[in-house]
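What follows is the residue order along each chain.
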Amino acid sequence: MLYEEIPTQQIIDKLRQTLKPRIGIAELSGRENSAIAQNEDDEDIALLKTGFDIYNVPITSYQRRLGSAVIAVRKIVRKLLRPVLERQVIYNFANTRVVQTLSTQLQKLQENQQTLEKKIKSEFSSGFSEVTAQLETQQQAIATFQSEIEQIKAVQQQHTAILEKITAQLLDRPH
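Definitions and limits used
- Residues numbered from 1 in each chain as written.
- Predicted model: local features only at pLDDT ≥ 70, side-chain atom pairs only at ≥ 80, totals over all residues.
- Heavy atoms only, no water.
- Helix = DSSP H or I, 4+ residues; strand = E, 2+ residues; numbered from the N terminus.
- Contact = heavy atoms within 4.5 Å.
- Expected span 1.5 Å × (residues − 1).
- Buried < 20%, exposed > 50% of the residue type's maximum accessible area, 1.4 Å probe, protein only.
- Core = buried A, V, L, I, M, F, W, Y, C linked by side-chain atoms within 4.5 Å.

A. Local environment of the environment of I71. When you line up the elements, I71 lands in helix α4 (residues 67–123). In sequence terms I71 and T60 are 11 residues apart; their C-alpha atoms lie 6.2 Å from each other. For I71, the residues in contact, after removing those within four places along its chain, are I59, T60 and S61.

B. A look at helix α5 (residues 129–172). With 44 residues, α5 should reach 64 Å at 1.5 Å per residue; the first-to-last C-alpha distance of 64 Å fits that figure. Turning to α5, its buried residues are V131, L135, Q138, I142, F145, I149, I152, K153, Q156 and L163.

C. Here's a closer look at the nonpolar core. Of all hydrophobic cores here, the largest spans 10 residues; its members are I45, L48, V99, L102, L106, L109, I142, F145, I149 and I152. Every element with two or more residues in this core is listed here: α3 (40–51), α4 and α5. In contact with I149, other than residues within four places in its own chain, are V99, L102, S103 and L106.

Shown next, in the form of structure tokens:
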């Protein structure tokens with residue numbers, strides 16, 4: 001069976017565009033936004049932190065005549081889905097913490113790698129095989145952490161999409 005390559009970056013960009021208005025990140029000024037997210041990974045973590053609680057999303061309706069009925073039905077569906085949504089919120093929160101921890105560890109590894117590179121360049125002008133091996137080991141560890149972070153992000157995004165699909169199906173189902 002052939003597997004298609006998943007366009008991870010396109011999915012991440014689309015989620016950012018979709019989620020920013022919903023969770024209030026779009027209102028941040030450029031300066032505040034750069035303080036929260038120094039790079040895309042920090043921005044993704046900020047999105048995870050602000051968007052992990054999918055249960056307490058405001059229920060609204062833009063229909064004039066049926067608005068209150070639609071809101072009432074959505075509230076009932078939310079109550080019915082409460083156990084599932086609460087479990088998903090807990091899972092999202094745990095994922096957010098894991099991703100943040102891995103990101104912090106990755107950042108420390110990168111800082112250590114930079115420190116080692118500077119130290120090696122200053123102390124040893126000619127390369128030694130041990131130092132090269134240590135650098136390669138750290139680079140492999142960094143690559144592994146980056147891969148794990150991307151996998152966790154992808155899984156969380158998939159779970160969120162599935163939950164949204166289930167919620168939409170339940171809302172569309174006749175009673």
